[in-house]
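Here is what each chain is made of, one letter per residue.
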Amino acid sequence: MATFSIENFGCRATDADAAAIRHELLKSGFTLAPDHESASIVVLNTCTVTAAADSQAREAVRKIHAANPQARVIVTGCYAQRAPAELAVIPGVACVVGTSHQAEIPSVARGLGADITPERSGAADFIPVEMLRGNNSATRAAKIIAGDIFALSSVQFAAAAFMAGDRTRPILKVQDGCNNRCSYCVIPLVRGRSRSLPADQAISQIRALVDAGVKEIVLSGINLGSYGRDLTPRVDLVGLVHRILHETSIQMLRFSSIEPQDITEDFVHLMASSARLAPHFHVPLQSGSDRILKAMHRWYRTAHYSERVRVIRRVLPDAAIGTDVIAGFPGETDEDFRATTELIGDLPFTYLHGFSFSARPGTAGATLGNTVPPNVIRERARALRAFGHQKSVGFRALQSGRVLRALTLARSCDAWTEAITGNYLKVRVPGQHAANQWLDVRLGAEGSAADIQS
């Protein structure tokens, strides 16, 4: 059977999808190649949240095709769902598979070299849209297999799988899609409506991961805080977490991004109630200007956001609190950006991701006009990154000298092994240690290094 390689671009949810695609290909008899250059099939799982993400995916295809012209490249993921025809004409691309049909990638891979007619594999109620046909060449486009993403009614690729060489902290996607319509965000258009993995299935997958030796799991979703609202009977994220704590023996549970309106008092107090829940919150802000938040169609204002973050810090003084901020949304003035930086300065963030605004086709934000000059956007994005660095350094300094439990990761050298604490500090522990082991470590200067405590 052919060899394959896979590369993921984007968020934790797409990372979970890529891991699931890899395991499905292995189950189908394919062999994992050590790199793209030696693979006969290359799967690229793309992101489309920014124009830069699109460009990164296209450049990856070109580099792979130049290094390995015989490889058949399958491009999938959010970019593939949004603009398949753009990808289908790039030399080297054999097939473009939208997020609507990712479950069919193993059968697509088996069909490469012949006319691609994927097996239905549980997706019989999806109608493929074959926009372009033919084998790939410089003048003929790749096959496109995509469909109505809003026809999906369940979470794809929820099956847990863990094997030697996997990441230490596997991601379990329990929610997909989003019902919000933030004016800058294209993701609802390429991931579909919000849908949740039934709690019984989530429990079963976590038990399987624990049986495989996993010590920490990251629960992820496109809009994780909306978990369970589509289920009957309706449940919520707090209810799911209670079940996980009572019905599984997972040693540490971590959460991906959660919207500020879903950071309730109940959720924060639940996080504080168990040492098995990582004290780590990622709460997107996007702007510190109420005027811009309204234009973004965000469901909160700065006072509400600030109150939620301060609840976290009051209940969990040493928790990691991260955020995302967009620089240069249409109409953002110097005063709006100043309000953002002042709010960031006032709130106890421990890290920050700053992004440049990128107009996404099909979103309301792409038609607003009143665009911010590119050089101003770049300057503001640099300022956000500088703020993020300051926040990170300050939090590490506050944690210096503390003894924390940390899980060893795969990255190491002769002198140190990387590990991660519950409150999301990566540290280098002296010496070589096997991955996926708990160590009690004393954080060194600025929290950037650690000594093992007996």
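Everything here concerns the structure above.
Residue numbers restart at each chain and count upward from 1, following the sequence in its written direction. Side-chain atom pairs in this predicted model are given and counted only at pLDDT of 80 or more, local residue features only at pLDDT of at least 70, and totals for whole chains, interfaces and linings cover all residues. The side-chain figures draw on all heavy atoms in the structure; neither hydrogens nor water molecules are used.

## Some remarks on the pattern of salt bridges
1) Next: A pairing counts as a salt bridge when a side-chain nitrogen of Lys or Arg comes within 4 Å of a carboxyl oxygen of Asp or Glu. According to the stated counting rule, one finds 20 salt bridges in the structure shown.
2) Next: The residue Arg-191 makes a salt bridge to Asp-17 at a minimum N-O spacing of 2.9 Å. In this pair, Arg-191 sits in helix H6 (residues 187-191) while Asp-17 sits in helix H1 (residues 12-27), placing the two residues 174 residues apart along the sequence. Both residues of the pair, Arg-191 and Asp-17, count as buried.
3) Next: Here Asp-176 makes a salt bridge to Arg-191, at a shortest N to O gap of 3.1 Å. With Asp-176 in strand E8 (residues 175-176) and Arg-191 in helix H6, this residue pair connects regions lying 15 residues apart in the sequence. Each member of the pair, Asp-176 together with Arg-191, is buried.
4) Next: One connected set of salt bridges, linked through shared partners, spans Asp-17, Lys-173, Asp-176, Arg-191 and Arg-195. Starting at the N terminus, helices and strands are each numbered in turn, a helix being any DSSP run of H or I of at least four residues and a strand any DSSP run of E of at least two. Burial classification: accessible surface area is computed with a 1.4 Å probe over protein chains only, and a residue below 20% of its type maximum counts as buried, one above 50% as exposed, and the rest as partly exposed.

## Considerations on the sheet that holds strand E2 (residues 31-32)
Whether parallel or antiparallel, the strands of a sheet pair through hydrogen bonds between backbone atoms.
1) Next: The pairing criterion is simple: DSSP has to find at least two bridges between the two strands. Reading across the sheet, the six strands line up as E2-E1-E3-E4-E5-E6 and stay open at both edges, with parallel pairing between neighbours. The sheet is open, and its two borders are formed by E2 and strand E6 (143-145), each paired with just one other strand.
2) Next: Whether two residues touch is decided by their heavy atoms; if any such pair falls within 4.5 Å, the residues are in contact. Lines fitted to C-alpha atoms define the axes here, with helix axes fitted over just the stretch in contact, and angles between the N-to-C directions of these axes take values from 0 to 180 degrees. Where helix H2 (residues 51-67) meets the sheet, its contacts fall on strand E3 (41-46), strand E4 (72-77) and strand E5 (93-98), and the angle it forms with E3 comes to roughly 170°.

## Considerations on H1
Since there are 3.6 residues in each turn of an α-helix, residues three or four apart along the chain are aligned in direction.
1) Next: Across its 16 residues, H1 extends 23 Å between first and last C-alpha, which sits within 8% of the 22 Å expected from 1.5 Å per residue.
2) Next: Among the residues making up H1, those that are buried are Ala-13, Thr-14, Ala-16, Asp-17, Ala-18, Ala-20, Ile-21, Arg-22, His-23 and Leu-25.
3) Next: Trailing H1 by a residue or two, Gly-29 shows a phi angle of about 100°, which is positive. One less than the residue count of a helix, multiplied by 1.5 Å, gives the span that helix is expected to have.

## With respect to the side chain of Thr-14
1) Next: Position of Thr-14 relative to the elements: it lies in helix H1.
2) Next: Beyond its immediate stretch of four places on either side in the chain, Thr-14 contacts Asn-8, Phe-9, Asn-45 and Arg-191.

## What to know about the nonpolar core
1) Next: If you look at the biggest cluster of nonpolar residues, it comprises 61 residues, and the most contacted ones within it are Val-174, Leu-240, Phe-255, Phe-267 and Phe-281.
2) Next: Setting aside residues up to four positions removed in sequence, Phe-281 forms contacts with Ile-263, Phe-267, Val-268, Met-271, Ile-312, Leu-316, Ala-319, Ala-320, Ile-321, Gly-322 and Tyr-351.
3) Next: Counting residues in each nonpolar core, the second largest holds 26 residues, with Cys-47, Ala-80, Leu-87 and Ala-146 among its members. The nonpolar core is taken to be a set of buried Ala, Val, Leu, Ile, Met, Phe, Trp, Tyr and Cys residues, with the residues joined through side-chain atoms within 4.5 Å.

## Concerning the packing of aromatic side chains
1) Next: A pair of Phe, Tyr and Trp rings is counted when the ring centres sit within 6.5 Å of each other, with Trp represented by its six-membered ring. The angle between the planes then sorts it: under 30 degrees is stacked, over 60 is edge-to-face, the rest tilted. Considering all chains together, one arrives at seven aromatic pairs under this definition.
2) Next: Note on Tyr-351 and Tyr-424: the rings are 5.4 Å apart at their centroids and 45° apart in plane angle, and the pair reads as tilted. With a gap of 73 residues between them, Tyr-351 in strand E14 (residues 351-356) and Tyr-424 in the loop between strand E16 (416-421) and strand E17 (426-430) connect regions that are remote in the sequence.
3) Next: Accessibility expressed as a relative area gives 28% for Tyr-424, which makes it partly exposed.
4) Next: Between Arg-405 and the ring centre of Trp-438, over which it is positioned, the NZ or CZ distance is 4.1 Å.
5) Next: A cation over a ring is seen here: Arg-428 above Trp-416, with NZ or CZ 3.9 Å from the ring centre. In our convention, an over-ring charge means Lys NZ or Arg CZ found within 6 Å of a ring centre and within 35 degrees of that ring's normal.

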